[in-house]
Amino acid sequence: MAVKGRKKIAVMVRARAGWWAAALLVTVALLATLLGGGRAGLAIAASDGSAWLWSRSAGEVDRVNPDNRRVEQRREVTDARGHRVQITQNDRFLLIHDLDTGRVSSLNLNGLGFSGRLDVGTRGDPHLAMGSDAAALIERTAGAVRALDPSTLRPVGPALQLPGPLVGGEFDAAGLLWVAAPGQGTVVALKVTAHGATVVHTAEVSEPGHDLAVSVLDRGALVVDRGGRELVVATSDATRRIKAPVSLDGAMVPERTHGMLAAVTAPAAGKVVTVGDVRTGGPVRSFPLSDPVQDPAVPFAGKVYLPVRTTGQVRVFEPAGRQTGVLNMPAGRGDLEVQIREGNLFVNAPGSTDAMVVGNNGVARTIGKYPGGPGRGGNEPNTPGGESSPPPIPAPIADPLFPSPSAPSPPRKTPKAAWPTIPERRTPARPTQPSSSTPEPSGPAPSLRLPSRKPPTSPTTKPSTGTKPSTGTKPSTGTKPSTSTKPPSSKPRPSKPKPPPTQTRNPYTPQQVCNSASGGNYKIQRSTSFTGGRIYQLYSATTKNNCAVTMKTTNIGKGTSGWVRLQSKTGGKVASDSGTFKYYAGPVFIHAPGVCVRYSGGTSGASASAGWANCG
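Residues numbered from 1 in each chain as written. Predicted model: local features only at pLDDT ≥ 70, side-chain atom pairs only at ≥ 80, totals over all residues. Heavy atoms only, no water.

## What to know about the overall build of the chain
Each helix and strand counted, the chain has 3 helices and 38 strands in total. Out of the 616 residues belonging to the chain, those deemed buried represent 49%. Accessible area for the chain stands at about 28700 Å²; split by element, carbon and sulfur atoms hold 55% of it. (Helix = DSSP H or I, 4+ residues; strand = E, 2+ residues; numbered from the N terminus. Buried < 20%, exposed > 50% of the residue type's maximum accessible area, 1.4 Å probe, protein only. Areas by Shrake-Rupley, 256 points an atom, 1.4 Å probe, with all protein chains shown as cover.)

## With respect to the sheet that holds strand 28 (residues 344-348)
A sheet is described by the order of its strands in space; here 4 strands give the open sequence 27-28-29-30, paired in antiparallel fashion. Here the strands that pair on one side only, and so sit at the sheet edges, are strand 27 (337-341) and strand 30 (364-368). This sheet shows a mean twist of 25° between the axes of neighbouring strands, independent of strand direction. Bridging between strand 27 and strand 28 involves 5 bridges; their strand directions are antiparallel. (Pairing = 2+ DSSP bridges. Axes fitted to C-alpha atoms, helices over the stretch in contact; angles between N-to-C directions.)

## Side note on the sheet that holds strand 1 (residues 51-55)
Pairing within the open sheet is antiparallel, and its 3 strands lie in the order 1-2-3. Edge positions in the sheet fall to strand 1 and strand 3 (70-76), since each has one partner strand and no second. When the angles between neighbouring strand axes are averaged without regard to direction, this sheet yields 30°. Taken together, the 6 bridges between strand 2 (residues 60-65) and strand 3 define a ladder with antiparallel strand orientation. Bridged to Glu60 within strand 3 is Glu76.

## A look at the pairing of strand 18 (residues 230-234)
Burial of strand 18 is extensive: 4 of the 5 residues sit out of reach of the surface. Across 4 bridges, the pairing between strand 17 (residues 221-225) and strand 18 is antiparallel. The residue of strand 18 that forms the bridge with Ala221 is Ala234. Once strand 17 ends, the chain turns through 4 residues before running back antiparallel as strand 18. The hairpin turn running from strand 18 into strand 19 (residues 239-243), its antiparallel successor, is 4 residues long.

## Description of the environment of Gln73
In this structure, Gln73 sits in strand 3. Remark: the alpha-carbon pair of Gln73 and Leu112, spanning 39 residues in sequence, is separated by 9.0 Å.

## Some details on helix 3 (residues 510-518)
Of the residues making up helix 3, those classed as buried are Pro510, Val513, Cys514, Ser516 and Ala517. End-on view of helix 3: buried residues confined to an arc of 170°, all on one side of the axis. On its buried side, helix 3 packs onto strand 31 (523-530), strand 32 (533-539), strand 33 (545-552) and strand 36 (584-591). In the segment just after helix 3, Gly519 is the residue with positive phi, at about 75°. (Arc of directions from axis to C-beta. Contact = heavy atoms within 4.5 Å.)

Structure representation (structure tokens):
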């Protein structure tokens, strides 16, 4: 009996010990959640439907909570204020890609410290993709794919060389990275691991050489053949072809499509094509565009969201085309970003204080990123990783995978050792958009490429003795503005107010812009004006390339939105550029000897276009 009693007591003690241990674990988990401490707390915070949005005016990334519509965490990005930035995110890391400098930073969400940095340059169309467990750098022009450690951004494994150029480059929900090779007419699924990137599936989607666009689905990819009317849904085990009701010439799709509904925007046809269920291939519908658009429609929760930069609106449609609402964001004119994250749709205007979030129920709510004014908001949340955070960990030097260019990269303020560089390929590139805070240079423009869109000193105008060179600005001495190099009148007119120092003439010419970007002695073929600017189409008999550029005629020297688009009639080639510029948008180039081309472009609130011409 005594033995049985002791065993019973031992069982009770062990039971109570197990209960207390379980209670202790629950208590620790609750404390971690409430206090936001430890990896568990941050993991919950990172996957609660929130998204990180870029704020260009403040030079920081902001974590937006869609439930209370507040910014709950901020992190400043060094030397990125005023720049164009692309954010790639999962629940553990942010990859912050500065498109103006080519710098990539990895932000570890467990503590908000920068854990890795890399310089991918601005040539060769570098693109970053990240799934739940892997990251990759895709040099789309050259066709090179490298696996990256998302924490340190160090390349891992050998480079995978595909037949470039490539289009697309996003992960689906199954962890496969999808890209298309238009030169081969194929779409490729890649598996990315710590050992590198490998091809696991290849499917034929078009004739070789056709212009393709790709939107990665939850499973597989939607490939658009811009040379006809065919849509192809490719998965790792099947391929389905869908006939579109309109021509898909120059069509656009979002890089990632979430859910069963897909949308294809075809500006040339003036239509949006929808596929109700990409798994079954239908129903296929279309509806007309009522505005000029530069961005693709984004399907979300059974609706289609179409951003219109010129008005700062996002129009909401049913798949059949009935408009059910409009999201108004006036501060986002010319500057709208639409993304889907954790079951919510976010509309962000990076250059303003505004953002919006839309839930699965279709209800849109406004987010005040800076309720206390630009730069910082009232009741600013505590920001981990601030002044007392440890310095960033420099990424190890990557293997020299790509050949070094003939000319050295421009010097950077950051020490070279802290920014390991993957050298850039020799690929023609448009001039890099400058920061709005960068001072204007006083010397002439570079002869090979334009690293920034700043006014050069005119090489043909010589100043008169005793006067300053004419720069196209109004004098601030109270005299009548002079259009020549003659000295201003010595008789002041006190009754006339002093004019502000504004720039009235664009210091660049279309020939200078195209020639400086690629060389080739470009000549103007035609142009079209609109309120605020003029679009030029040029041609080089040397390179057989067409060039298009939108030159501003108002707000010169001030960063405003602009865009330009050039397209060839045969082959479906399209080149475009858009963003916030001081002097011009572009240049963009298409190699189309003997082929008709057309162009379009504009600035905030106005645009113009021209039909097919210059076919010889």
